[in-house]
Amino acid sequence: MALGSNGQRRRIAVTGGSGKLGRVVVRHLADRGDEVVSLDRTPDPDWDGAFVRVDLTDYGQVAEVLTGIDDRYDRIDAVVHLAAIPAPGLIPNAATFANNITSSFHVYQAAKLANITKIVWASSETVLGLPFDTPPDYLPVDEDVHRPESTYSLVKHLEETMAVQFCRWNPELSMIGLRFSNVMVPADYAGFEDFQDDPTVRKWNYWSYIDARDGAAAVACALDHDQPGADVFVIANPDSVMRTPTAELLAQVAPDVPLRRELGEHEPGLDSTKARTVLGWTPQHSWRDHV
Ligand SMILES: NC(=O)c1ccc[n+]([C@@H]2O[C@H](COP(=O)([O-])OP(=O)(O)OC[C@H]3O[C@@H](n4cnc5c(N)ncnc54)[C@H](O)[C@@H]3O)[C@@H](O)[C@H]2O)c1
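Residues numbered from 1 in each chain as written. Predicted model: local features only at pLDDT ≥ 70, side-chain atom pairs only at ≥ 80, totals over all residues. Heavy atoms only, no water.

The chain has the name Nucleoside-diphosphate-sugar epimerase in an unreviewed UniProt entry, where Microlunatus kandeliicorticis is given as its organism.

A.B. asks: Looking at this model, I keep getting lost on the overall build of the chain. Mind explaining?
C.D. replies: Each helix and strand in the chain was counted, giving 7 helices and 9 strands. Whereas a compact globule of 291 residues would reach a radius of gyration of roughly 19 Å, the chain reaches 19 Å, a difference of no more than 12%. Along the first, second and third principal axes, the C-alpha set of the chain runs to 60 × 35 × 35 Å. Counting only residues that meet the buried cut, the chain has 53% of its 291 residues in that class. Within the chain, counting contacts between residues at least 6 apart in sequence, those at least 24 apart form 75% of the total. Carbon and sulfur atoms form 50% of the exposed surface of the chain, whose accessible area is close to 12,600 Å². (Helix = DSSP H or I, 4+ residues; strand = E, 2+ residues; numbered from the N terminus. Rg over C-alpha atoms; globule rule 2.2 N^0.38 Å. Buried < 20%, exposed > 50% of the residue type's maximum accessible area, 1.4 Å probe, protein only. Contact = heavy atoms within 4.5 Å. Areas by Shrake-Rupley, 256 points an atom, 1.4 Å probe, with all protein chains shown as cover.)

A.B. asks: Explain the site of the ligand to me, please; I cannot follow it from the model alone.
C.D. replies: By nearness alone, 27 residues border the ligand, and K20, D40, L82, Y152 and V183 come closest of all. Here L21 contributes a backbone N or O atom positioned 2.8 Å from an oxygen atom of the ligand. The separation between an oxygen atom of the ligand and a polar main-chain atom of L82 is 2.8 Å. Listed by contribution, the elements that provide at least two residues to the shell around the ligand are α1 (20–31), α3 (93–113), β5 (118–124) and α4 (151–169). The element best represented in the shell around the ligand is β5, accounting for 3 residues. Across the shell around the ligand, the residue classes break down as 11 nonpolar, 11 polar and 5 charged. (Near = heavy atom within 4 Å. Polar contact = N/O pair within 3.5 Å; in protein donor to acceptor, adjacent residues only side chain to side chain. Nonpolar A, V, L, I, M, F, W, Y, C, P; charged D, E, K, R; others polar.)

A.B. asks: Please clarify how the sheet that holds strand β3 (residues 50–53) should be interpreted in this entry.
C.D. replies: Two orientations exist for strands paired in a sheet by backbone hydrogen bonds: parallel and antiparallel. Within the open sheet, the 7 strands sit side by side as β3-β2-β1-β4-β5-β6-β9. Their pairing is parallel. The strands lining the two open edges of the sheet, one partner per strand, are β3 and β9 (229–235). Pairwise comparison of adjacent strand axes, ignoring direction, gives a mean angle of 20 degrees for this sheet. Pairing geometry for strand β4 (residues 78–81) and β5, over 3 bridges, is parallel. Its bridge partner lying in β5, V80 is registered against V120. Contacting β1 (11–15), β4, β5, β6 (174–180) and β9, helix α5 (residues 212–224) crosses the sheet at an angle of about 160 degrees to β6. (Pairing = 2+ DSSP bridges. Axes fitted to C-alpha atoms, helices over the stretch in contact; angles between N-to-C directions.)

A.B. asks: How should I be thinking about the packing of helix α2 (residues 59–67) against α3 in this particular structure?
C.D. replies: Relative to each other, α2 and α3 sit at 45 degrees, their axes nearing to 9 Å. On the basis of their axis angle, the class for α2 and α3 is oblique. Relative to α3, the crossing made by α2 is right-handed. In contact with Y59, V62, A63, L66 and T67 of α2, α3 contributes H106, V107, Q109, A110, A111 and L113. (Parallel < 35°, antiparallel > 145°, perpendicular 65-115°, else oblique. Left-handed = near helix turned anticlockwise from the far one by under 90°.)

A.B. asks: What am I meant to see in unusual backbone geometry here?
C.D. replies: Keep in mind that most residues, glycine aside, have a negative phi and that most peptide bonds are trans. Cis rather than trans, the peptide bond between L130 and P131 has omega equal to 5 degrees. Position of P131 relative to the elements: it lies in the loop between β5 and α4. Geometrically, the link from L139 to P140 is a cis peptide bond, its omega value of -5 degrees lying close to zero. If you trace the backbone, P140 turns up in the loop between β5 and α4. If you check the backbone angles, N115 has positive phi at about 60 degrees while not being a glycine.

A.B. asks: Is there a simple way to explain the pattern of salt bridges in this structure?
C.D. replies: One side chain can pair with another of opposite charge once the charged atoms of both are near each other. Counted under the stated rule, the structure contains 17 salt bridges. With a shortest N-O distance of 3.4 Å, R147 and D137 are connected by a salt bridge. Pair noted here: R147 is in the loop between β5 and α4 and D137 is in the loop between β5 and α4, with a separation of 10 residues, a long-range link. You can call R147 partly exposed: its relative accessible area is 24%. Measuring nitrogen to oxygen at the nearest pair gives 2.7 Å for the salt bridge that ties R261 to E267. Of the residues examined, E267 reaches a relative accessible area of 13% and is grouped as buried. (Salt bridge = Lys/Arg side-chain N within 4 Å of Asp/Glu carboxyl O.)

A.B. asks: Can you help me understand the packing of aromatic side chains in this one?
C.D. replies: Each aromatic ring pair is described using two quantities: the centre-to-centre distance and the angle formed by the ring planes. Tallying each qualifying case throughout the model produces 11 aromatic pairs. Aromatic side chains F192 and Y209 sit 5.6 Å apart centroid to centroid with 90 degrees between the ring planes, which places their arrangement in the edge-to-face category. A residue pair is termed long-range when its members are at least 10 positions apart, and F192 in the loop between β7 (183–184) and β8 (210–211) and Y209 in the loop between β7 and β8 qualify at 17 residues. We note that F192, like Y209, is buried. (Phe/Tyr/Trp six-rings, centres within 6.5 Å; stacked < 30°, edge-to-face > 60°.)

Structure, rendered in structure tokens:
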């Protein structure tokens, strides 16, 4: 656990703290000793830590929650920004665009106002070219790929671009974008049986997923990573959602996509090597232990 600038426990604001991933992140950070403030427009009835209801599309509210709220808290040391409409097609495209890009700009801008120099935020596997109707240039796909194919993904791509410029403006700022794969909690694993007979069912992300607990651990590693500047990391578990070996799956559905390197027996098509080597992230959970 890192300490804040005043030598006390680091206080971390988590936007989207009531969401599927955010619920696991706030608990993971609190369990390791960080002081956590969850920021969301919807409360999580099971979270008994600090919570402030906020609409991130309203800049005044964001500026206030990141600079301090009356007698609740007077500073934030780092921001984990997860709040978003979390997938394409849930609401109309323009509404996804407006909510997500506005919220992210407000968080980045208010963090600047509050002199916060550490932001970890949720990008997405979708910027890698999902659903791969156009095959990737190579597999496994990694951080060098920027191919948004939906409005949702376009926003994540624009946020990655915005982060580069915010970091250029402030050389002390660290902004780490985590390109999460499809977030899963243990209750989801029973449904993995439905994938097994057909390699095309999960071809849209080349059989990848991220266990929310490992996603939360990646957030913690990114918070502890001191390097200033903007960077992105693919966050996917190193095992696929399939029992069939990856080589067989690829032979069936993507025989013509060049392989950059040999894949492990059950390695998915998303490459999280960079997160493991640079951030020291060690995913520990597998759906195979739950079925
Ligand atoms: N779920 C996935 O498979 C997946 C995959 C890759 C990336 N991501 C990204 O991870 C992040 C978290 O995803 P999730 O699955 O937990 O989503 P979720 O929908 O479960 O949680 C998102 C939370 O953000 C809040 N929120 C959205 N807009 C807000 C606003 N304007 N003001 C205040 N709160 C707002 C919602 O109330 C919700 O609690 C998102 O940025 C998403 O794009 C998710």
